[in-house]
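Coordinate inspection notes
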Amino acid sequence: MKLQNIIAEQGEKSIGYLEVPGTELKLPATLICGVHDGKTVLITGGVHNVEYVGIQAAIELAGSIDPKEVTGNLIIIPLINRSGFEHRTMSLVYEDGKNLNRQFPGDASGTTAQKLAYFMEKELFSQADFYIDLHCGDGFEELTPFVFAQGNAEEYINEQSLRMAKAVDVPYIIRSQARTGAYNYAGLCGIPGILVERGCSGLWSKNEVELYKKDIKNVLRVLKVLSGEDETTQDKTIFDRVIYENSSHVGCWYPQFSSGDRIRAGDILGVTKDYFGQELFSCVAKADGVIFHQIIGLNILQNNPMIAYGVLESGDVNYGENK
């Protein structure tokens, strides 16, 4: 297989840098060409550059996977937003301050983030049969592990995405109806994909990276790209509805629960206060559910994400363990 000047013959692994046209960006890439013909899986990390667990997991997988264990091909790019990573921009593209995951389908004549999105579609998605995008919580975000599956593509694409998501060893799957985001756009292009969330708060640990690598290998085994048996152990709850609450004020945010907690409709999830400690807004749960992620930094920005929780049927919730 070949990407720009990186070439991997059958049974080989090759590394190099991919140039993003119209920019100064050069993205690290590893191509692994298996010993047998098969499907091509694209794995990316660092679409949001402060989400370190996925970045490190991709780096380690690229170095450790043996082409002899692969049927088909792997394209592993551990750091898509390289300029943001090298300038610590808290997950925004350094050159234009844009969130890359909101720029698809991109624009070859646009800003750097738009050019990067265009590059991903034209040069990466065009080679891929499946897509795994690695994320975690942002630097000011707390998160419980979960995985997004595509829910807005053609039905057979959605089914393949759900099969991939079930191989990730996390307790929750969200069937997304969004059309934004690299993995969602890949689905609209006919590529089954998932977005995995593991880790948070601008931190990473060896344990989290090992769990992430296990997740990815499980998916590759289910796709018959990597040899070995699926090692998924956790039962999963599938969510079709997620409530995303944005802040109505600038100020200080005080969450009342932790990610992974189960909540009841009517629970106060958090309070926004001004700089004198006076309450500005109280966020009240609209339904029974599970908190997937929330802001844990003290500052909160107006019209920006505050908390997100999946909606559960009331009969499915056991509150005693988490209250």
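Residues numbered from 1 in each chain as written. Predicted model: local features only at pLDDT ≥ 70, side-chain atom pairs only at ≥ 80, totals over all residues. Heavy atoms only, no water.

1. Here's the deal with the overall build of the protein chain
Put simply, the test is: Numbering of helices and strands runs from the N terminus; a helix is a DSSP stretch of H or I covering at least four residues, while a strand is a stretch of E covering at least two. The size measure is the radius of gyration over C-alpha atoms, and the globule rule it meets is 2.2 Å times the number of residues to the 0.38 power. Per-residue accessibility, obtained with a 1.4 Å probe over protein chains only, is compared with the maximum for each type, and a residue is labelled buried under 20%, exposed over 50%, and partly exposed between these values. For the accessible areas, the method is Shrake-Rupley and the probe is 1.4 Å, while residue cover comes only from the protein chains on display. Asp and Glu are treated as the negative residues and Lys and Arg as the positive ones, with His and the ends of the chain left uncounted. Where a charge lies is defined by one atom per residue type: Lys uses NZ, Arg uses CZ, Asp uses CG and Glu uses CD.
When helices and strands are counted, the protein chain shows six helices and 20 strands. A globule of 323 residues ought to have a C-alpha radius of gyration of about 20 Å, and the protein chain, at 20 Å, matches this closely. On the principal axes, the C-alpha backbone points of the protein chain span a range of 65 × 45 × 35 Å. A buried classification covers 53% of the 323 residues belonging to the protein chain. As presented, the protein chain carries roughly 14,100 Å² of accessible surface, and 46% of it is formed by carbon and sulfur atoms. Positive and negative side-chain charges in the protein chain, numbering 29 and 42 respectively, have mean positions lying 1 Å apart.

2. Concerning the pattern of salt bridges
Opposite charge on two side chains permits them to pair, given that their charged atoms come into close proximity. The test is simple: In the sections that follow, a salt bridge refers to a side-chain nitrogen of Lys or Arg positioned within 4 Å of a carboxyl oxygen of Asp or Glu.
Tallying each qualifying case throughout the model produces ten salt bridges. Among the ionic pairs, Lys214 bridges to Asp169, the shortest N-O distance being 3.5 Å. Here Lys214, found in helix H6 (residues 206–222), pairs with Asp169, found in the loop between helix H4 (155–166) and strand E10 (172–176); they are 45 residues apart in sequence, far enough to count as distant. A residue is classified by how much of its surface remains accessible, and Asp169, at 8% relative accessible area, is buried. Across the pair Glu210 and Lys213 runs a salt bridge whose closest N-O atoms are separated by 3.0 Å. Here Glu210 pairs with Lys213, and both are found in helix H6, just three residues apart, close to one helical turn. Residue classification places Glu210 among the partly exposed positions, given a relative accessible area of 35%.

3. Focus: the sheet that holds strand E4 (residues 26–33)
Note the cut-off: Here, any two strands with at least 2 DSSP bridges between them count as paired. Interaxial angles span 0 to 180 degrees and are taken between N-to-C directions of axes, which are lines fitted to C-alpha atoms, for helices over the stretch in contact. A contact between two residues is defined here by any heavy atoms of the two lying within 4.5 Å.
The strand order across the open sheet formed by nine strands is E3-E4-E6-E5-E7-E11-E9-E10-E12, and the pairing between neighbours is mixed. The strands lining the two open edges of the sheet, one partner per strand, are strand E3 (13–19) and strand E12 (237–239). Mean inter-strand twist for the sheet, computed between neighbouring axes without regard to direction, equals 20 degrees. Sheet topology places strand E9 (residues 146–150) next to strand E11 (residues 193–197); four bridges connect them, and they run antiparallel. Within E11, the position partnered with Val147 by the bridge is Val196. Its contacts with the sheet put helix H3 (residues 112–124) on E3, E4, strand E5 (36–45), strand E6 (71–77) and strand E7 (130–135), and the angle it makes with E3 is roughly 140 degrees. Where H4 meets the sheet, its contacts fall on E7, E9, E10, E11 and E12, and the angle it forms with E9 comes to roughly 165 degrees.

Purely spatial values, then, with no claim about function.
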